[in-house]
Amino acid sequence: MKVSIHGHSVVRLETEAGKKLIIDPFIQGNELCDLEVDQVEVDHILVTHAHADHLGDTVEIAKRTGAKVITTVELAEYLASLGLETHGMQPGGAFEFDFGTVKMTPAIHGSSLTIDGLPTTLGLASGLIIKADGKTLYHLGDTALFSDMKLIGELETIDLALIPIGDNFTMGPEDALLAAKWLKAKRVIPIHYDTFPLIEQDPKKFIDQLETSEGILPEVGEVFSI
């Protein structure tokens, strides 16, 4: 499985069979992102929750490419009402797709979208455990530290964990270090930092403090394999 990071929480995946996925495609308005919305070609879009900096450009990309959107049931139903093809899930549930398996995990965070000028709650926030090509990637989404990460670390062999470190809206670096330890992730990439002043962090300091995982800081858009 090939992986590339594109600022904030945007992650692209490509399987050995050529299936292309993007997670939380917040592109327009994301100064850290190197992608162009009209050039993104994907088969599936995975969205952890409804906040605009994660749902991002899902609607435009899905309408142009015909990509299926995998997200929580409530957000999936809203997106389906806009004409998108969707697959709704809930934390704790798993489903096997043509590219591999997705299991949703809890995330301690909100999930709302401004619709007609009003904030509208659209289900729960989630994390995503993605299994493809014999590898396991865990995108934690936006979340606080929670003790069930210990259980996830016992049940799953996580090859790569994408962990938010920005603080204020999610866990900060100290809690993220504990999350990496509990998850027993082989490799860790920090996400959800530096996009806005409130979440500025030092990612190099974070990875230097990891005790049990290899921390990596790929360049934006750099493709690597797990």
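Residues numbered from 1 in each chain as written. Predicted model: local features only at pLDDT ≥ 70, side-chain atom pairs only at ≥ 80, totals over all residues. Heavy atoms only, no water.

Engineer: Which residues make up the overall build of the chain, and what values do they have?
Structural biologist: Across its full length, the chain carries six helices and 16 strands. Taking 2.2 N^0.38 as the reference for a compact globule, 226 residues should give roughly 17 Å; the C-alpha atoms of the chain span a radius of gyration of 16 Å, in line with that estimate. Along the three orthogonal principal directions, the C-alpha set of the chain runs to about 45 × 40 × 30 Å. Burial analysis of the chain (226 residues in total) assigns 52% to the buried set. In the form shown here, the chain has an accessible surface area of approximately 9,800 Å², with 48% of it arising from carbon and sulfur atoms. Charged side chains in the chain number 17 positive and 35 negative. The centres of these two groups are separated by 7 Å. (Helix = DSSP H or I, 4+ residues; strand = E, 2+ residues; numbered from the N terminus. Rg over C-alpha atoms; globule rule 2.2 N^0.38 Å. Buried < 20%, exposed > 50% of the residue type's maximum accessible area, 1.4 Å probe, protein only. Areas by Shrake-Rupley, 256 points an atom, 1.4 Å probe, with all protein chains shown as cover. Lys, Arg positive; Asp, Glu negative; His and termini not counted. Charge placed at Lys NZ, Arg CZ, Asp CG, Glu CD.)

Engineer: Can you lay out unusual backbone geometry for me, pointing to particular residues and giving the numbers?
Structural biologist: The backbone of Asp167 sits at a positive phi, close to 70 degrees, despite the residue not being glycine. Here Asp167 lies in the loop between strand 13 (160-164) and helix 5 (173-183). Here Asp194, not a glycine, exhibits a phi torsion of approximately 70 degrees, which is positive. Tracing the sequence through the fold places Asp194 in the loop between strand 14 (187-191) and helix 6 (203-208).

Engineer: So what about the nonpolar core? Which residues, and what values?
Structural biologist: One finds Val3, Leu13, Ile130, Leu137 and Leu160 to be the most contacted residues of the largest nonpolar core, which totals 25 residues. Only strand 1 (2-5), strand 2 (11-14), strand 3 (20-23), strand 8 (101-106), strand 11 (126-132), strand 13 and strand 14 provide two or more residues apiece to this core. Leu140, Leu145, Phe146 and Ala179 belong to the second-largest nonpolar core, a separate cluster that totals 24 residues. (Core = buried A, V, L, I, M, F, W, Y, C linked by side-chain atoms within 4.5 Å.)

Engineer: Tell me about the sheet that holds strand 12 (residues 135-139), and name the residues and values.
Structural biologist: The strand order across the open sheet formed by seven strands is 7-8-11-12-13-14-15, and the pairing between neighbours is mixed. With partners counted over all chains shown, the strands left at the sheet margins are strand 7 (94-96) and strand 15 (214-215), one partner each. Where strand 7 and strand 8 come together, three bridges link them in antiparallel fashion. Looking at strand 8, one finds that Ala94 is bridged to Lys103. Where helix 5 meets the sheet, it contacts strand 12, strand 13 and strand 14, and its direction lies at approximately 155 degrees from that of strand 13. (Pairing = 2+ DSSP bridges. Contact = heavy atoms within 4.5 Å. Axes fitted to C-alpha atoms, helices over the stretch in contact; angles between N-to-C directions.)

Engineer: Summarise the pattern of salt bridges; cite the residues concerned and give the values.
Structural biologist: For the structure shown, the criterion picks out nine salt bridges. For Asp98, the salt bridge is made with Lys19, and the minimal N-O distance between the two is 3.2 Å. Residue Asp98 is located in the loop between strand 7 and strand 8, and its partner Lys19 is located in the loop between strand 2 and strand 3; the two are separated by 79 residues in the primary sequence. For Lys19, a relative accessible area of 26% translates into the label partly exposed. (Salt bridge = Lys/Arg side-chain N within 4 Å of Asp/Glu carboxyl O.)

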